[in-house]
Amino acid sequence: MSDPLEEVAGIADETRPPHAGPVSQVAAALAALAVGVAGAIGSLALGLGRLTQPGPGLWPFAISVVIVVLSATLVVTGRGLEDAERFSKASLLTGIGLVTLILLAVLLPLIGFEIPSLLLVFVWLRWLGKESWRSSIVVSVATVAAFYLLFVVLLQVPLPRLI
């Protein structure tokens, strides 16, 4: 009788795309490093404030510093790692996810958060997650309603909105 964990690991190894190689690994780390540096510069422009009175850029700056440190570590150690995969058709899903997030950011100030958020969750569930139409619609509406109740009604966050 074989171990079920070994069977699952074997199936995962068979379906995994091939390793991208050390150059891709370091290139991905450098891209993340650039994002971290850009985030740090942008958060400095917002103002860090003081520890007793934090400014709007403090937490984005702290997160950006973590990204920079981890990315720099990956630049140094990344050549020996084998967890980066070659680009394939499945990689397009990540690109589609990124494009939908950018569209959300563009549409949010124009038409509020309800419709773009509803569309984002729906697209992610239906096309990226391959969920059924019914569950995609129900979960999308429930998610946006929950975020509306939490952020707009309970926490009174001034989100751009239609309602």
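Since this is a predicted model, take the numbers as computed values, not measurements. (Residues numbered from 1 in each chain as written. Predicted model: local features only at pLDDT ≥ 70, side-chain atom pairs only at ≥ 80, totals over all residues. Heavy atoms only, no water.)

Caption draft 1: Examining the packing of helix 4 (residues 91-111) against helix 5 (residues 114-128) more closely. Here helix 4 crosses helix 5 at 165 degrees, and the two axes come no closer than 8 Å. One element, helix 4, and the other, helix 5, form an angle in the roughly antiparallel class. In the packing of helix 4 onto helix 5, the handedness of the crossing is right-handed. For the pair formed by helix 4 and helix 5, the contact residues are Leu93, Ile96, Gly97, Thr100, Leu101, Leu104, Leu107, Leu108 and Ile111 on the first element and Glu114, Ile115, Pro116, Ser117, Leu120, Val123, Trp124 and Leu128 on the second. Of the residues belonging to the contact of helix 4 with helix 5, the class tally is 13 nonpolar, three polar and one charged. (Axes fitted to C-alpha atoms, helices over the stretch in contact; angles between N-to-C directions. Helix = DSSP H or I, 4+ residues; strand = E, 2+ residues; numbered from the N terminus. Parallel < 35°, antiparallel > 145°, perpendicular 65-115°, else oblique. Left-handed = near helix turned anticlockwise from the far one by under 90°. Contact = heavy atoms within 4.5 Å. Nonpolar A, V, L, I, M, F, W, Y, C, P; charged D, E, K, R; others polar.)

Caption draft 2: Focus on helix 5. Its 15 residues place the ends of helix 5 20 Å apart at the C-alpha level, agreeing with the 21 Å of an ideal helix rising 1.5 Å per residue. Within the sequence span of helix 5, burial applies to Glu114, Pro116, Ser117, Leu120, Val121 and Phe122. On its buried face, helix 5 sits against helix 4 and helix 6 (133-154). In the segment just after helix 5, Lys130 is the residue with positive phi, at about 60 degrees. (Expected span 1.5 Å × (residues − 1). Buried < 20%, exposed > 50% of the residue type's maximum accessible area, 1.4 Å probe, protein only.)

Caption draft 3: The arrangement of the confidence of the model for the chain in detail. Here the chain averages 86 in pLDDT, while 90% of its residues score no lower than 70. When the elements of the chain are averaged for pLDDT, helix 1 (residues 4-15) gives the smallest value, 67, and helix 6 the largest, 95. (pLDDT = per-residue confidence, 0-100.)

Caption draft 4: Seen up close, the packing of aromatic side chains. The tally for this structure, following the rule as stated, stands at five aromatic pairs. Relative to Tyr148, the ring of Phe113 has its centre 6.2 Å away and its plane inclined at 15 degrees; by these criteria the two rings are stacked. Of this pair, Phe113 sits in the loop between helix 4 and helix 5 while Tyr148 sits in helix 6, and the two are 35 residues apart along the sequence. Since its relative accessible area comes to 5%, Phe113 is described here as buried. Ring centres 5.6 Å apart and planes at 45 degrees place the aromatic pair Phe122 and Trp133 in the tilted group. Here the residue Phe122 occupies a position in helix 5, and Trp133 occupies one in helix 6, the gap between them amounting to 11 residues. Classification of Phe122 by relative accessible area gives buried; the value is 13%. Pairwise contacts between aromatic rings join Phe122, Trp127 and Trp133 into one cluster. (Phe/Tyr/Trp six-rings, centres within 6.5 Å; stacked < 30°, edge-to-face > 60°.)

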